[in-house]
Amino acid sequence: MSWLRIFRRKKWDAERARELDSYLEIEASENISRGMSNEDARFAALRKLGNQTLIREEIYHMNSIGFLESLWQDLRFALRTLRKSPAFSLVIVLSLALGTGANTAIFTLVDAALLRLLPVKNPEQLVTLSPVDPSGDSYPTFSYPAYLEFRDRNEVFSGVFTSDNFGKADLGVDGHGGLATLEFVSGNYFSVLGVNAAQGRTISPEDDGASGGSAVAVISDSYWTSRFNRDPSIVGKGVTINNSPYTIVGVTPPEFFGMQPGASIGVWVPVTTANLVRPDFAMAGTPNDILSALNRNWLPIFARLRPGMTMDRAASNVAVIFDHVKQLRIRDPRYSAEARKVILETIVQVEPGSRGLNLLRRRFSKPLSILMVVVGLLLLISCANVANLLLARATARRREFGVRVALGAGRARLIRQLMTESVLLALGGGALGLLIAFWGSKSLLVLMSPGTVPIPLNVQPDLRVLAFTLLISLFAAVLFGLAPAWRAARVDLSAGLKESARSLGGARAGVRLGKVLVVSQVSLSLILLIGAGLLVRSLSNLKNIYPGFDENNTLLLSINPSLVGYKGEQHMALFRRLLERVRATPGVQAASFSLLTPMTPGAIKSFLKVQGDTVTPTENQLVELNYVGPDYFATIGMPIVLGRGLTISDDLTTPNVVVINQSFARTYFGDSNPIGRRFSSDTPLIREIVGVVQDAKYHDPRDTNRPAAYVPYFQVGNSGVMTFEIRTSMDPTSIVPSLRREIEAVDSRLPIFGESTLIRQVNQSFVQERLVASLTSLFGLLALLLAAVGLYGLMAYSVTRRTSEIGVRVALGAQRGDISWMVLRETFLLVVIGLAIGIPGSLAASRLIASELYNVHPGDPLTIAAATLVMVGVALFAGFLPARRASRVDPMVALRYE
């Protein structure tokens, strides 16, 4: 192929030379046969042929692509040029690697958590259904009968399915137990998604009615690997899930993780077998049966649009079905008039579901968006820094450019040559940045994770990430390379051919452009510093909030007796024995347990009906419930402000009681004494208020205090996970082995999980704030470093350019202090201009992060002043070094500098 000749030019030239020599020999032989002498015959052949070199060039250009030829020449010349200045090239590549690496790392997370489509068939056809109540809150769950209505009555979907991540379950194999994350799915879950099994088969609609020994399960590829070492005989193997028999019928593909990015599902089972896995939760055969009760909202609903179907038409059809569901639901006599009104005013939304459930998007979309803006600014600062270096280098190469122009090089060719060098540098920075991003994205996953185990997101570089890195590298090349190339192409031919250093005075325009770039670096760096300062102060304010409880020296241990077969009142008897054992453990000062622990998401909300006259609440009569053990408030460190707490005697044999928080008392009873007052929730059961406890930040430190009620566990029981809160006189983690032995002494089968400390759990509630504050601070420091390097480079170059002038000033009597001040004054002027631009810019930019701030105004003067002082200090230090060098110039040496 003709374009390949550019890589073997010498060989091709040698072949053409041999052909021309053969022609000359043939022509000379014919001349000799006509009677010429050997010498005359040779000269005649040469005259007839003409210039051999010119002929080879013409033939070559006729049989090659000129653009590729010149591009290859530019590329080779650029490599030779950069190789001659390895330190210069390395500095530029490292600067660009920081910018591109940070951008690629954040984009990788954005892509994995927010942008990437589900690994299923035609994900763009998927939608989710979400009910929205009158207050605007959305809780994307429905009852199982509602799911059946949407599945069977719709006219717009090719399939409707449901799934629910139910947390940990005990999966027993050959008598050996082990925890796995369980998800309930409808029988058509895999078929509607278009996911086929990698081994065996998936769950089918026929499995929906299975029970007993005919119940089936599908495991994930990761669980197959970790638990069964990829044993192919696993298909068809009988296992137990929470002591109920199941048969594993298949393994999902490695890339499939379910409907929630970041989830790590171990096993899928049909939703209709929930009564086998959790009979106490399923409540089969009762009015609260999860497969028949319209008031048990626990399942998200997904659907696949029919080809050609629009979202608007789907929403209209779904709204009609939902109206029918609401009419069926309000027939339940247990609902109050207020609850019925809320139900009737609730609407359903149809939203795109191609990216699955939006839990990660809701949590991290704003922080990651902020970080994308921050790393974008960091890339701009990197490009400005590199542009300054290239401007200085282009000025030093002005004589080279002058010679090339004098020899006939066009200005466009000169620009292309310099842009080729810029692209090479950018690609080198991009390649190194990709390695930084590969390491950085894994580290960022740890920062994003609420626990010690990173969120299981796939952050391996793929074609999308590689394309993004290539695009920002090329964008950076144009951004930092165009100005130096344009300046170099406008070289004055006569000045460029002079070797005198005075000719550098003609580069004042380049210096002016360098000053503009330094000012931009200072202003952008200041914006990042102020933003980082605001976020760090906000995080500090959140950490310093008194949460309403004592988080120190408190251990958390979770236990779910249902996983090993405990039912009904067996739970209460078990927790009595466990509580006695735990409290008797050496080092334990107090112990209790609860359904919900402080600083965890989720809440049990119930409608209220208060007995007697009350203050009319400003919102719907909703209260958050928590089931707690005896002496819970003393254990957790929540002060009781009125009445008493809950004791071991508050059980099924005593009147039903409850403790409320201060917000509950203010909202429903005003200034009157709530002790002795009564209320009921969704059930007709009436409870008497016996105490008022101080408000606590139970879900999020930013939350306003909400009405809450604490119900004695031994009066209601609970079949789910309960968490022990254990206050110790020592390091809480040091007594975990002793506690495990005490619990195993009661029942060795009990699965213990979620070991943590309360202070760690509180800190985990700041995961978003910590992620943004720490990364913004890191990038702000990098930006400050780059700005300082850029300022130092510009001033050092300015001192070099003005060496003769400095020598003259010293010879005329200027003191060292005068020379230093001359340089520092120029530095200070650039910094002041950068501050004048950066401070208003930061005021505008900080409003974009106002929602992430807590008790800090976006225009906080203390933060702005601190960031400004840091910027000025670092900038003046960067300018001090060139100023010190200038003050030590020897006038005799400087005057001979030319």
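Quick look at the structure, then. (Residues numbered from 1 in each chain as written. Predicted model: local features only at pLDDT ≥ 70, side-chain atom pairs only at ≥ 80, totals over all residues. Heavy atoms only, no water.)

Counting secondary structure elements, the protein contains 29 helices and 22 strands. Taken across its 898 residues, the protein has 52% of its residues classed as buried. Sequence-distant contacts, at least 24 apart, represent 81% of the contacts inside the protein between residues at least 6 apart. Summed over all atoms, the accessible surface of the protein reaches about 40100 Å², with 58% contributed by carbon and sulfur. (Helix = DSSP H or I, 4+ residues; strand = E, 2+ residues; numbered from the N terminus. Buried < 20%, exposed > 50% of the residue type's maximum accessible area, 1.4 Å probe, protein only. Contact = heavy atoms within 4.5 Å. Areas by Shrake-Rupley, 256 points an atom, 1.4 Å probe, with all protein chains shown as cover.)

Moving on, we come to empty space enclosed by the protein. In the structure shown here, the tally under the stated rule is five cavities of 30 Å³ or more. Of the voids in this model, the largest cavity is the one considered here, and its volume is about 210 Å³. Glu624, Ala696, Tyr698, His699 and Ala708 are, among the 18 residues lining the largest cavity, the residues nearest its centre. Residues belonging to the lining of the largest cavity are distributed by class as follows: eight nonpolar, five polar and five charged. (1 Å grid on protein atoms, 1.4 Å probe; cavity = no way out; pocket = protein on both sides within 12 Å on 5 of 7 lines; lining within 4 Å. Points joined across faces, edges and corners; volume = space filled by probe spheres on them. Nonpolar A, V, L, I, M, F, W, Y, C, P; charged D, E, K, R; others polar.)

Positive phi is not limited to glycine here, since Met283 has a value of about 50°. With respect to the secondary-structure elements, Met283 resides in the loop between α10 (279-282) and β9 (301-305). Given a relative accessible area of 31%, Met283 falls into the partly exposed group. Phi is positive for Met599, which is not a glycine, with a value near 60°. Within the fold, Met599 resides in the loop between β12 (588-594) and β13 (604-607).

As a further point, take a positive patch on the surface. On the surface, a cluster of positive charge is made up of Arg76, Arg80, Arg83 and Lys84. Its place among the elements puts Lys84 in helix α4 (residues 66-84). In this structure Lys84 comes out as exposed when scored by relative accessible area, which is 70%. (Patch = residues over 30% accessible without salt bridge, like charges linked within 9 Å, V, L, I, M, F, W, Y side chains within 5 Å. Salt bridge = Lys/Arg side-chain N within 4 Å of Asp/Glu carboxyl O. Lys, Arg positive; Asp, Glu negative; His and termini not counted. Charge placed at Lys NZ, Arg CZ, Asp CG, Glu CD.)

Another point: the side chain of Ser354. Mapped onto the fold, Ser354 is located in the loop between β10 (347-352) and α13 (359-396). We classify Ser354 as buried; its relative accessible area is 10%. If we ignore the near neighbours within four places in the chain, the residues touching Ser354 are Leu117, Leu118, Pro123, Glu124 and Leu126.

Its place among the elements puts Arg296 in the loop between α10 and β9. Lacking a salt bridge, the buried Arg296 has Asp289 as its closest oppositely charged neighbour, with an N-O distance of 6.7 Å. Leave out the neighbours within four places in its chain, and Arg296 touches Phe142, Ser143, Tyr144, Phe281, Ala282, Met283, Asn288 and Ile290.

Here we take up the packing of helix α5 (residues 86-115) against helix α15 (residues 411-448). Two elements in contact, α5 and α15, have axes separated by 6 Å at closest approach and are oriented at 40°. As far as their axial angle goes, α15 and α5 are oblique. You can see that α5 and α15 cross each other, and the crossing is right-handed. Its residues assigned to classes, the contact of α5 with α15 shows 17 nonpolar, 10 polar and no charged. (Axes fitted to C-alpha atoms, helices over the stretch in contact; angles between N-to-C directions. Parallel < 35°, antiparallel > 145°, perpendicular 65-115°, else oblique. Left-handed = near helix turned anticlockwise from the far one by under 90°.)

Among the nonpolar cores identified, the biggest contains 130 residues, and Met638, Ile660, Phe664, Phe679, Tyr710, Phe724 and Ile726 are the most heavily contacted of them. The residues touching Ile726, leaving out its near neighbours within four places in the chain, are Asn553, Thr554, Leu555, Leu557, Val582, Val588, Ala590, Ala591, Ile735 and Leu739. By size, the runner-up hydrophobic cluster in this structure holds 51 residues, among which are Ala217, Val271, Leu276 and Ala303. (Core = buried A, V, L, I, M, F, W, Y, C linked by side-chain atoms within 4.5 Å.)

What follows covers the layout of surface pockets. Volume-wise, the second largest pocket comes out at about 570 Å³. Of all the secondary-structure elements, those providing two or more residues to the lining of the second largest pocket are α8 (221-228) and α15. Its residues assigned to classes, the lining of the second largest pocket shows 17 nonpolar, seven polar and four charged.

Turning our eyes to something else, we now look at helix α19 (residues 570-583). Taking 1.5 Å per residue as the helical rise, α19 with its 14 residues ought to reach 20 Å, and the 20 Å between its terminal C-alpha atoms agrees with that figure. Restricting attention to buried positions, one finds in α19 the residues His571, Met572, Leu574, Phe575, Leu578, Leu579 and Val582. One face of α19 carries all of its buried residues, which in axial projection span an arc of 155°. Buried residues along α19 sit in contact with α10, β11 (554-559), β12, α22 (713-716), β21 (722-728) and α23 (736-746). (Expected span 1.5 Å × (residues − 1). Arc of directions from axis to C-beta.)

The next thing to look at is a nonpolar patch on the surface. On the surface, Tyr792, Phe877, Phe880 and Leu881 cluster together to form a nonpolar patch covering roughly 400 Å² of accessible area. For the nonpolar patch, the leading source of residues is helix α28 (residues 861-887), giving three residues. Counting through the fold element by element, Phe880 comes out in helix α28.

Relative orientation of the contacting elements α19 and α23 amounts to 145°, with a least axis distance of 9 Å. The interaxial crossing formed by α19 with α23 has right-handed handedness. Only Leu739, Glu742, Ile743, Ala745 and Val746 of α23 make contact with α19, whose side of the interface consists of Leu574, Arg577, Leu578, Arg581 and Val582. Within the contact of α19 with α23, the residues separate by chemical class into seven nonpolar, no polar and three charged.

The next thing to look at is the packing of aromatic side chains. The description of an aromatic ring pair uses the distance of the two centres, along with the angle that the planes make with each other. In total, this model carries 31 aromatic pairs according to the counting rule given. Seen from their ring centres, Tyr189 and Phe256 are 6.3 Å apart, and the 65° between their planes marks the pair as edge-to-face. Here the residue Tyr189 occupies a position in helix α7 (residues 189-193), and Phe256 occupies one in the loop between β7 (244-251) and β8 (267-270), the gap between them amounting to 67 residues. Using a relative accessible area of 0% as the deciding quantity, one classes Tyr189 as buried. On the accessibility criterion, Phe256 (5% relative accessible area) is buried. An aromatic cluster of at least three residues, connected via ring pairs, comprises Phe161, Tyr189, Phe190, Phe256, Trp268 and Phe302. (Phe/Tyr/Trp six-rings, centres within 6.5 Å; stacked < 30°, edge-to-face > 60°.)

Within the structure shown, the criterion is met by 20 salt bridges. One salt bridge connects Arg464 with Asp111, and the closest N-O pair in it is separated by 2.4 Å. Taken together, the residues span a long stretch of sequence, with Arg464 in helix α16 (residues 463-489) and Asp111 in helix α5 at a distance of 353 residues. A relative accessible area of 0% places Asp111 in the buried class. Across the salt bridge formed by Glu826 and Lys515, the nearest N and O atoms sit 3.0 Å from each other. Separated by 311 residues along the polypeptide, Glu826 in helix α27 (residues 816-846) and Lys515 in helix α18 (residues 508-543) bring together distant segments of the chain. Judged by its relative accessible area of 27%, Lys515 falls in the partly exposed class. Taken together, the shared-partner salt bridges in this structure form one network comprising Asp111, Arg116 and Arg464.

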